[in-house]
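Remarks on the overall topology
Chain residues, written in single-letter form:
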Amino acid sequence: MKVSLNTIKQFIDFELPPVDELVKRINEQLGGVEEVVDLSEKYKDAKIVRVVECEKHPDADRLSVCKVDVGSGELVQVVCGAPNVHADMWAIWLPPESTVPSSYGTNEPFVLGARELRGVMSNGMLAAGDELGINGDHDGIIEITEKDLLLGIKLKAGASFAETFGLDDTTIDIENKMFTHRPDLFGQLGVAREIAGIFGHQFTSPEWYRKVEYGIENAENSDMLPLEVFNDASEKAPRFMAVAIKDVTVGPSPLWLQCELVRLGGKSINNIVDITNYVMLLTSQPTHAYDYDKLRGHKLGVRMAHDGEKATLLNDKTYELTSDDIVIVDAEGPVGLAGIMGGSNSEVSPETKNIVLEVANFDMYAVRKSSMRHGLFTDALTRFNKGQSPLQNPIVMSQLQNFITGIAGGEQASEVFDKKAFDDEKDEDVLGAKWLPGTISADFINQRLGLSLNDSEIAQLLENVEFHAHEMGEMNEICFTAPFWRTDIEQPEDIVEEVGRLYGFDKLPLELPQRSVTPAPQNTSRILKRQIRDNLKHAGANEVLTYSFVHENVLKKAGQDPTHAYRLGNALSPDLQYYRLSLLPSLLDKVHMNIKAGHDMFALYEIGKTHFKGEMDAVEPNVPNEDTHVALVVTANEKAAQPGAAFYLAKKYLHGLIGFATIELKKMTEFDMASDVWGAQLSAPYEPKRSAVLVHDGKIWGVVGEFRTGVRQGFKLPAYSAGFEVHLDLLAQNFAQYTPLSRFPSNSQDISLRSNNKVSYRDIYGVTIAALEEAGADLQTKVEPISIYQSSTDSSTKTTTFRITFTHYDKTLTDDDIKPLMDHVAGVALSRLSAERT
Amino acid sequence: MNIDELTSALTERVAQSDNPAEVLRAPEFRELYAQIPQQEPEERASFGQRVNAMKQAVEAAVEARKAELSSVDVCPLDITAPMDVNASAPKFLSAEQGTIHPLMAEMQTLSEIFGRMGFVTEDSREIDDQYHMFETLNFPKGHPARDDYDTFMTVETDADGDPLIAPAHTSTMQNRILKKYRENLERGEAIAAVVPDRVFRNEDLDARHEHTFYQFEGIYVAKGVHAGMLIATLQKFLEEYYGKKLDVRVNPFYFPFTEPSFEFSLSCPFCEGTDKDCKVCGGEGWIELLGCGMIHPNVLKAADIDPNIYTGFAWGGGIDRLVMMKYGIEDVRHFQSAKLDFLEQF
């Protein structure tokens, strides 16, 4: 929202502080200032001058040599190429050394000089509208006449152009987002009111804003233009006002108005359009002018569009409408998309003689939806979608009429139609004023701000911005009515904000809440995650974070089926197509680049969430279930790889996080994937013959292993690569299991058992443990694997060696004590597994 | 080496390769192609043909090897064993190599400070419905304030027919947390929670913008809570976090779910306003850190808390930015790049 300080000054009756101080206070009490532009710098050298003599250039037909009164006493010679230059005219002069304003602040500022044009010295130039950056006119220089001046301004040769036309200005751009709830602050008047309020001054709206004067209220005589106005969409268009004006003269706006628009960030088009824009910029109520003679059937009205109906708008684009769009129509069809943009078929042109002015109110939600649907964003929409008050319409209509007839001539040629959906101006349903008028206690306000203001201080703060507020005289209560433009005031808390802001949030007392000594509850899942991090850090792994969304290719490379994944419909980046089904593919995607970056061996892990389409949350069935997983990939290039399969290292990492005791680690080849759709997706990247699944209640809760050849190739993984992924719910806090110490030394012996290669390690280990339990009464035994050996000439057998450590609590064990135990183990292994002791 | 020998050498290489397509990019090919123009003119055509024939032979070998690889009899492992046959037990990487992600470490720090201040830590969601993201936070359907959140939406819809969303703020948890701890209020205790977690904005990436980042939400509700307490609480937290006294200030702001709403700034803890070229505050002496405000009565009502009895405050701030300021990290995209060169520094 661009604010002109010169415009603000027209509305207030006190001196503004220096710009720095003003900006600071606006930041603190109104909204974030994004930009401050000093216009006076841009126009500082431009001067009002009088052309005294004007003769043809001796050597150039199109040039004139002018003698110009620049107020210095001596006439200055300027050569001018404009066809409209003549003696006895007021013009704008850019002296030598000055920068052409339209090039000011650009990469290539154009600095004028004194130079000869076809042999005649020219000092600077007489300026056209485009060179001043005021309008697009380059057909001639600006000629200032009486009508270009605001009442009371006199021209003087040598006077500053900027001062004469209010361009000695500073404009301040305040973030729009701040005003999302404040329809009134999209007009200069509203901002002026707030500025008065934050400096503690009483603001009074200008007289025209307080009094409505339409000219002829109702008129029926032969001078009138026939016009029929209707509102067939009163639910979405609470108010629709229109009036015909005849015999206007369409032309350029007077210079003062063009300059006003420049300050407010607008651009001059023609007087009619400029006035409708100017009124909007002042009041924040959008308005529109139609060419009366282009309105078919002399009708103008508002209704809901028909599905498929087409409208061609001022941007020359044609839109296909739906029955949710509000549309402005004449007798035959659309002439505008309500609240957003007028139609090209009813546009005011230089030939226009008669016009119809429209001031209306539309439902903020409906126009916002239309704008989103058609991708059409305009200044009018920015204002309508904040929820303008329909009560402002008659005021704006009245002022719009005054400006039009005052500037473009013409006279009112119809009654002022007012098609509204409400009779009573206090109708709450229509006005959205849910809480008006009301009372509020000073206590309520003070309690929420930590202040101790009294009722009259509060009333004054509100009165300053034109609330009606007065003390009730008891209970410290204030009775107030919000002004109609404050459609945002809906509840007492909104008054709290108002009071706090106008008083100054910097004055709030800083005081900590008092708390009870009850400990804040622990978040057990965070504790678990911290333990996982500590654990994996100590095991040399690096925690990474990767996106929750993946490209379809990542899923496919991992062998997963995208149809199970939630799909994003509006992502800007093509890399973000699906919510991931599991974490591992994201990790695999990060291996190759790290190998390439020179890392020989590393383990990446991530703790994150996964989603599987169709699985809903157990407690909140409207939202998808979210599982938290930890996944890890460990990988090494050839020179760094450890001996043996990478599977065993991945398994060791997993083992560090989880005891396998309660969870079944099952060969992936033996699990029926068809029985577990989710488990099948989780396991998809893994090579079934070299992977294991963690099974719990018949479902897969995790998987550990090496990857399929295709997956390895797809992600360019080194041969030595393996990983795991496991559901966090499966990992409980791991408590150490303590065994009491014996006073007596332990005794260790190794046993090697040669078995068929097909006998699993788990069976050999299990049999060993079982045999020891059968045999040793008071003994503590520990079985550790030492090696698994396979001869290079015989792969049908393998030899598993354990070191068994025996501890007795009452004596020192001798080899004689241990021998029968070892023999028993060997015997059991032989009988149950045909495993020979070697 | 003649072309025939080369052909058999390359096909042999293909037969051994796990990634046979790579052989097609072997330097030998380039060298052969380079030799074509050097041949005698009359030889050139036949030489070229032989090179092509060789390429076709290798390509055929690649396809054959690919097929072989996909059906190759992968050697099964004994998944129950602690180590491979004829191999020593696997060893973890060196502890010195291990790292915790700086964002996660910082979240832990935040969570611990707030824990000491009596705030429970809660988790957020990565996919949610519009009811929690907008409706319970006083953003009615179709409200223009929704436009300020560039929200990722799924093609799948919820029971209301609305797309599911990737939460654009941790405030999506406010309603759930207010309900979960509502009974604290009846016991005369406060609801006090922080939610440090992942959020999403559908934005283009650059050094300062990530579509995936981390926020910490704070919620505090009790009797007699006022806006000054919000500012004091955040000041206390930041002083603890930075280990020094800090000035703070609030400017008015607009959020639908707080009233009044503020933008909260702290005096620059790095240069303390003394460095005109400070990289963190840009010489301003102040850092805009987060948005906050008094919880809107409609938000309390949506959780069945009477706003006439209880009041509260809430805030939401970015964690990525805190970490970037702390270490002088120049590009927010590093966080989720999984680059070891980056991670190993923490």
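Whatever comes next refers back to the structure up there.
Definitions and limits used
Residues numbered from 1 in each chain as written. Chains lettered and ligands numbered in written order. Predicted model: local features only at pLDDT ≥ 70, side-chain atom pairs only at ≥ 80, totals over all residues. Heavy atoms only, no water. Helix = DSSP H or I, 4+ residues; strand = E, 2+ residues; numbered from the N terminus. Rg over C-alpha atoms; globule rule 2.2 N^0.38 Å. Buried < 20%, exposed > 50% of the residue type's maximum accessible area, 1.4 Å probe, protein only. Contact = heavy atoms within 4.5 Å. Areas by Shrake-Rupley, 256 points an atom, 1.4 Å probe, with all protein chains shown as cover. Lys, Arg positive; Asp, Glu negative; His and termini not counted. Charge placed at Lys NZ, Arg CZ, Asp CG, Glu CD. Pairing = 2+ DSSP bridges. Axes fitted to C-alpha atoms, helices over the stretch in contact; angles between N-to-C directions. Core = buried A, V, L, I, M, F, W, Y, C linked by side-chain atoms within 4.5 Å. Salt bridge = Lys/Arg side-chain N within 4 Å of Asp/Glu carboxyl O. Buried area = accessible area lost by both parts, 1.4 Å probe.

When its secondary structure is counted, chain B shows 11 helices and 9 strands. Over its C-alpha trace chain B gives a radius of gyration of 31 Å, far above what one expects of a compact globule, namely 20 Å for 346 residues. A burial count over chain B gives 58% of its 346 residues as buried. The contacts of chain B with a sequence gap of at least 6 include a subset with a gap of at least 24, amounting to 67%. Summing over all exposed atoms, chain B offers an accessible surface of approximately 14500 Å²; the carbon and sulfur share of this is 47%. Counting 33 positive and 58 negative side-chain charges, chain B places the centres of these two groups 4 Å from one another.

Residues and elements named next belong to chain A. One open sheet accounts for 7 strands, arranged E26-E29-E30-E34-E33-E32-E31; its pairing is mixed. For this open sheet the edge positions go to strand E26 (542–543) and strand E31 (664–667), each flanked by a neighbour on one side alone. Looking at chain direction, strand E32 (residues 686–696) and strand E33 (residues 699–707) are connected through 7 bridges and run antiparallel. The partner of Tyr686 across the bridge, within E33, is Phe707. Against the sheet, helix H20 (residues 646–657) makes contact with strand E29 (601–610), strand E30 (627–636), E31, E32, E33 and strand E34 (720–727), and its axis sits at roughly 30° relative to E34, the strand it touches most.

The next thing to look at is the nonpolar core. Soluble globular proteins: nonpolar side chains tend toward being buried together. With 284 residues, the main nonpolar core has Phe161, Val630 and Tyr653 of chain A together with Trp315 of chain B as its most contacted residues. Tallying contributions element by element places helix H8 (residues 227–242) of chain B first for this core, with 9 residues. Other than its neighbours up to four places away in sequence, Phe161 of chain A contacts Tyr43, Ala46, Lys47, Ile48, Ile92, Leu132, Ile134, Leu167, Leu255 and Cys259 of chain A. By size, the runner-up hydrophobic cluster in this structure holds 39 residues, among which are Val327, Ile340, Phe362 and Phe417 of chain A.

Turning next to the pattern of salt bridges. Close approach of charged atoms allows side chains with opposite charge to pair. In the structure shown here, the tally under the stated rule is 59 salt bridges over all chains. Arg25 of chain A serves as the salt-bridge partner of Glu21 of chain A, at 3.9 Å between the closest nitrogen and oxygen. Highlighted residues: Glu21 of chain A and Arg25 of chain A, both in helix H2 (residues 19–29), separated by 4 residues, approximately one helical turn. Of the residues examined, Glu21 of chain A reaches a relative accessible area of 32% and is grouped as partly exposed. In this structure, Glu122 of chain B engages Lys180 of chain B in a salt bridge whose closest nitrogen and oxygen atoms are separated by 2.8 Å. Linking Glu122 of chain B in the loop between strand E1 (120–121) and helix H5 (130–133) with Lys180 of chain B in helix H6 (residues 174–180), this pair joins segments that are 58 residues apart in sequence. Judged by its relative accessible area of 12%, Glu122 of chain B is buried.

On the chain B side, the residues contacting the 123 residues of chain A number 125 residues. Of the roughly 10600 Å² buried between chain A and chain B, counting both surfaces, carbon and sulfur atoms make up 57%. Of all residues in chain A, the largest losses of buried area upon contact with chain B belong to Arg526, Leu545 and Tyr648 of chain A, amounting jointly to 8% of the total for that side. Applying the counting criterion to the chain A and chain B interface returns 8 salt bridges.

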